[in-house]
Amino acid sequence: MGTLWYNGTFFTMREANEAVSAVYVENGFICGLGDQEELESRFSGLIEKSHNLQGAFVYPGFVDSHLHIIGHGEKLIRLDLSEVDSAEEMKRKVAEKYRMSKENEWVFGEGWNENNFSDRKIFHKQELDEISPNKPMFLTRICRHAALVNSKALALAGITNETEDPKGGVIVRDTNGEPTGYLLDTAADLVKEVIPKVTDEYVEQALRVAVDDLLRVGVVGGHTEDLYYYGGFKQTFDQFTRVIDGKKVKFRAHLLVHHEAIKEMEKEGYDKGEVTPFIELGAVKIFADGALGGRTAYLCSPYTDDPSTSGVAIHTEESLKNIVMEARQKNRPVAIHTIGDGALEMALTVLEQCPLKEGRDRLIHVQVANESLIERMKKLPLILDLQPRFVASDFPWVMERLGEERIKQSFAWKTLINQGLHCAGGSDAPIEPVDPLLGIHAAVTRKRVGEFHEGYVPEQQLTPFEAVQLFTLGSAYAIEREQERGNIAEGYVADFTILDQNLFSIEPDEFLTTNVVMTVVDNTVMYKR
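Everything quoted here is computed from the prediction, not taken from an experiment. (Residues numbered from 1 in each chain as written. Predicted model: local features only at pLDDT ≥ 70, side-chain atom pairs only at ≥ 80, totals over all residues. Heavy atoms only, no water.)

**Some words on the overall build of the protein chain**
If you tally the helices and strands in the protein chain, you get 18 helices and 23 strands. Since a compact globule built from 529 residues should have a radius of gyration of about 24 Å, the 23 Å found for the protein chain is in line with a globular shape. Dimensions of the protein chain, computed from the C-alpha atoms along their principal axes, are close to 80 × 50 × 50 Å. Within the protein chain, the proportion of its 529 residues that are buried is 60%. Of the accessible surface of the protein chain, which amounts to about 21200 Å², a share of 46% is contributed by carbon and sulfur atoms. In the protein chain, which carries 57 positive and 83 negative side-chain charges, the distance between the mean positions of the two groups comes to 3 Å. (Helix = DSSP H or I, 4+ residues; strand = E, 2+ residues; numbered from the N terminus. Rg over C-alpha atoms; globule rule 2.2 N^0.38 Å. Buried < 20%, exposed > 50% of the residue type's maximum accessible area, 1.4 Å probe, protein only. Areas by Shrake-Rupley, 256 points an atom, 1.4 Å probe, with all protein chains shown as cover. Lys, Arg positive; Asp, Glu negative; His and termini not counted. Charge placed at Lys NZ, Arg CZ, Asp CG, Glu CD.)

**Topic: unusual backbone geometry**
Cis geometry is adopted by the peptide bond preceding proline 396, which originates at phenylalanine 395 and carries an omega value of 5 degrees. On the secondary structure map, proline 396 appears in the loop between helix H13 (389-394) and helix H14 (397-407). In this chain, alanine 429 is followed by proline 430 through a cis amide linkage whose omega measures 10 degrees. Along the polypeptide, proline 430 turns up in the loop between strand E20 (423-425) and helix H16 (436-445). Positive phi values are uncommon outside glycine, yet asparagine 523 reaches one of about 65 degrees. Mapped onto the elements of the fold, asparagine 523 is located in the loop between strand E22 (516-521) and strand E23 (524-528). A relative accessible area of 18% means that asparagine 523 is categorised as buried.

**Remarks on helix H2 (residues 69-77)**
Judged by how many residues are buried, H2 sits mostly within the fold: seven of nine residues are covered. In this fold, the buried residues of H2 make contact with strand E6 (62-67), strand E7 (79-80), strand E8 (107-112), helix H7 (200-216), strand E13 (219-225) and helix H8 (233-243). (Contact = heavy atoms within 4.5 Å.)

**Comments concerning the environment of asparagine 115**
Within the fold, asparagine 115 resides in the loop between E8 and helix H4 (125-131). For asparagine 115, a relative accessible area of 10% puts it in the buried group. For the pair asparagine 115 and phenylalanine 395, spaced 280 residues apart in sequence, the C-alpha to C-alpha distance is 9.8 Å. Aside from chain neighbours lying at most four places away, what touches asparagine 115 is Arg120, Arg141, Gly293, Trp397 and Arg401.

**What about a negative patch on the surface?**
A cluster of acidic residues, Asp35, Glu37, Glu38 and Glu40, forms a negative patch at the surface. Relative to the assigned elements, glutamate 40 resides in helix H1 (residues 36-42). Overall, glutamate 40 belongs to the partly exposed group, its relative accessible area being 37%. (Patch = residues over 30% accessible without salt bridge, like charges linked within 9 Å, V, L, I, M, F, W, Y side chains within 5 Å. Salt bridge = Lys/Arg side-chain N within 4 Å of Asp/Glu carboxyl O.)

**Topic: the nonpolar core**
In terms of nonpolar packing, the biggest core is built from 109 residues, with Leu292, Leu363, Met377, Leu384 and Leu503 touching the most fellow members. For this core, the leading source of residues is H7, giving eight residues. Beyond its immediate sequence surroundings of up to four residues, leucine 503 is in contact with Tyr59, Phe62, Leu437, Ile440, Pro464, Val468, Phe511 and Thr514. Among the nonpolar cores identified, the runner-up in size contains 20 residues, and Val94, Ala95, Leu148 and Leu184 belong to it. (Core = buried A, V, L, I, M, F, W, Y, C linked by side-chain atoms within 4.5 Å.)

If you want it as structure tokens, here you go:
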């Protein structure tokens, strides 16, 4: 017995504008496509339930190919600074959070971005001490590769002017060598180590809030990296199995595993692959560099606006190779965070030396890539995880970081696709908004909402079909599921993102007024407007 979905426009996403008006589903898989009359005749006596979509537009379920689901939940339940546009507003919000916090409680904030401030101000620890003299404070930058802390937090972590920079990180100091409270990449980990451990209840709450929000914006699944930061592999993984139970909550979670969480994963008896019908363990996650915003993305040549630095390499080439070799011993693919071209070059060198026997490795972000690096990528079994919304967030200030010539090779999504590289689309939430329509809009327009120009590096604009493919077939290809996910076709899962507008016929700015009518996972309505 099955379900008939009809009176809609179902985009197969196999070719531009290819569509049918009805599909028939059994046991969570599509068994027939056509129109209502045809399918009622073909499956006569088998249709147990029907859904009249009343003219809505149906896409293969949107999947976010790279995000941090629990981090997104934290952003929703903690102090969110991502929309703050001045240092004064940030100070006011942090002070209000301090007043609301309990005695001896840490003051947390998420997502500040000095590039949104007219003065580009980065707070000094003394200013944070004025706000919070007796409670430790930890304010995460939007990129999650930097943090601001006050003196109380520095003292708890034992960071003084005698403390050396950790490998892969920088303790920013003043002219006297005194830490300013600004910590880059692994330097922030020194403070994270003294933050009280999260409880199961906290992780579960953040995960539930995040999954509900993802379903609300039409996302049926996500490839997420969380299994190292919240008490370790077991504590975090247990919450995934508790929340995504496959009954009350259906959501397709593909979990990348930080390389430092692998041993605990193995100790608990798990390996790459499906754990439940809705949860699977994926590639080994490795960070090769930081981010452009804090100038910690590792570049081949110095930053144009700060020639004193080329960024931060989290690993040496030798240590990166050792991590990849450990993964290869178990025939596991890797997913390497590479934003700068220096990090990308190092990653490619290691992947060339350590070939994968079967499957696909992933390169995450790939924001700066010249022609020679693209040619090297084409020769490897790779999927590139792109975040189109970075264009809207990082321009125009990123042009100062990279310079006129280098910017032509940056955020070059159209070039990567035209060169035949397989690309998937994600948000990197909580760093960017999780709404896939914002990512699709950024990929097509290459500008911020409300801006009126031809777009930043407009020759890299994608068509709406290409942009939607990033979040459908691209995300499926990233996890070797392209034969059953990412299209509306016979044999594919019945995961649908149902909208009230046709993304292929409206103006791009109308994407932003498009509503999610329904989010369907495994033939089950998980969200309805």
